[in-house]
Amino acid sequence: MPRRLTGFTPSGDLHLGNHIGAIGPIVSGQATADTVVFISDLHALTMEHEPAEVRRRTLEFAGVLLAAGADPDACLFLVQSHVPEHTELHYLLECATGHGEAQRMIQFKEKSRRREHVRLSLLTYPVLMAADILLYDTAEVPVGEDQSQHVELARDVAQRFNARYGPTFTLPKAVNPPVAARLMDLAAPGSKMSKSAASPAGTLRLLDEPDVLRRKVMRAVTDAGTDVTHDPEHRPGVSNLLTILASCTGDRPERLAPGFTRYSDLKEAVADAVITTLTPIRERYLELDPQHVRSVLRTGAERARDLAGPKVRQAKEAIGLLPVGT
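Residues numbered from 1 in each chain as written. Predicted model: local features only at pLDDT ≥ 70, side-chain atom pairs only at ≥ 80, totals over all residues. Heavy atoms only, no water.

Trainee: What should I look at first to understand the packing of helix H3 (residues 85-94) against helix H12 (residues 290-319) in this one?
Mentor: When two helices pack together, you describe them by how their axes are tilted relative to each other and by the distance separating the axes. Relative to each other, H3 and H12 sit at 20°, their axes nearing to 10 Å. Taken together, the axes of H3 and H12 lie roughly parallel to each other. The two elements H3 and H12 cross, and the hand of that crossing is left-handed. In this structure, H3 contributes Glu 85, Glu 88, Leu 89 and Leu 92 to the contact, and H12 contributes Arg 305, Ala 308, Gly 309, Val 312, Ala 315, Lys 316 and Ile 319. (Axes fitted to C-alpha atoms, helices over the stretch in contact; angles between N-to-C directions. Helix = DSSP H or I, 4+ residues; strand = E, 2+ residues; numbered from the N terminus. Parallel < 35°, antiparallel > 145°, perpendicular 65-115°, else oblique. Left-handed = near helix turned anticlockwise from the far one by under 90°. Contact = heavy atoms within 4.5 Å.)

Given below as structure tokens:
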């Protein structure tokens, strides 16, 4: 079966959109798919950050993923920096990547714009992402449109490496989720719900208390008029609420719309659905022993190194480095 890999960068707070778009598919597919799940803490260092917050969020993200149903016995579950082969392969791949390729990455252009100090790691982190992917012979990478370019870079670099130094890496491909519900910010429905939003008012965070979730939904921005219709272009606020409700119930927004005549009733239904979806995750998270989470991560790192070590040795020998002890 093809191996799939998904990473979560510990910046900001995981929210409903992350659960619907990434965590849920991992949990539902891990029993039948060869799955790698990792916390990409090294990626969090490409921008200004508080070291203590990166550590806290790394452990928090791991706990949330476990509470949401990620099974470390069914998937490979690890923290990126716990497996030094990620950074070792990163350098080898930099030796097969052009400066122009990295500079063309859209996210680099967007994140570096209007910044006086741009970290070199922001330029090169797509190559580290390529290492994350290629290290485990990943065949499929579920990503949104904003990350597809990075997967294409990984594929291009793998092809170039294989052609120049011999067959070494599996060629990955980006896989877009079959149902990619785009959840928007409740306070600003023109913007996507984000882990790093300036204000938490519009983000339904996975660890929010039930009353906080309800308050955010009830204060959500709607549209002029009173009709409840799914029309993202002209009625973004109401359409977003319908999309959230559909995401939590497994229905379709356009099927749900005729069931409501008032915004208040729609908001109550959305709040109930969100609370029903997220509260069990929060409750399981609060019951987790942090030492258990750390133990799971240690075991995951050991398993990951068993896979990653041989791949790095293969790449080092292919590119021309002298093996240890020869």
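Trainee: Any chance you could explain the pattern of salt bridges here in plain terms?
Mentor: Side chains carrying opposite charge are able to pair once their charged atoms draw close together. In total, this model carries 19 salt bridges according to the counting rule given. Of the charged contacts, one joins Asp 137 and Lys 311 as a salt bridge, the two residues approaching to 3.1 Å between their closest N and O atoms. Of this pair, Asp 137 sits in the loop between helix H6 (120-134) and strand E4 (140-142) while Lys 311 sits in helix H12, and the two are 174 residues apart along the sequence. Among the residues examined, Asp 137 registers a relative accessible area of 30% and is labelled partly exposed. Relative accessible area serves as the criterion here: at 8%, Lys 311 is assigned to the buried category. Of the charged contacts, one joins Asp 265 and Arg 262 as a salt bridge, the two residues approaching to 3.0 Å between their closest N and O atoms. Among the residues examined, Arg 262 registers a relative accessible area of 48% and is labelled partly exposed. (Salt bridge = Lys/Arg side-chain N within 4 Å of Asp/Glu carboxyl O. Buried < 20%, exposed > 50% of the residue type's maximum accessible area, 1.4 Å probe, protein only.)

Trainee: Teacher, can you tell me more about the packing of helix H2 (residues 51-68) against helix H11 (residues 263-287) here?
Mentor: Packing of H2 against H11 brings their axes to within 8 Å, and their N-to-C directions diverge by 120°. As the angle between them shows, H2 and H11 are arranged oblique. Considering only the axes of H2 and H11, their crossing is right-handed. The segment H2 lies against H11, with Glu 60, Gly 63, Val 64, Ala 67 and Ala 68 engaging Ile 281, Arg 284 and Tyr 285.

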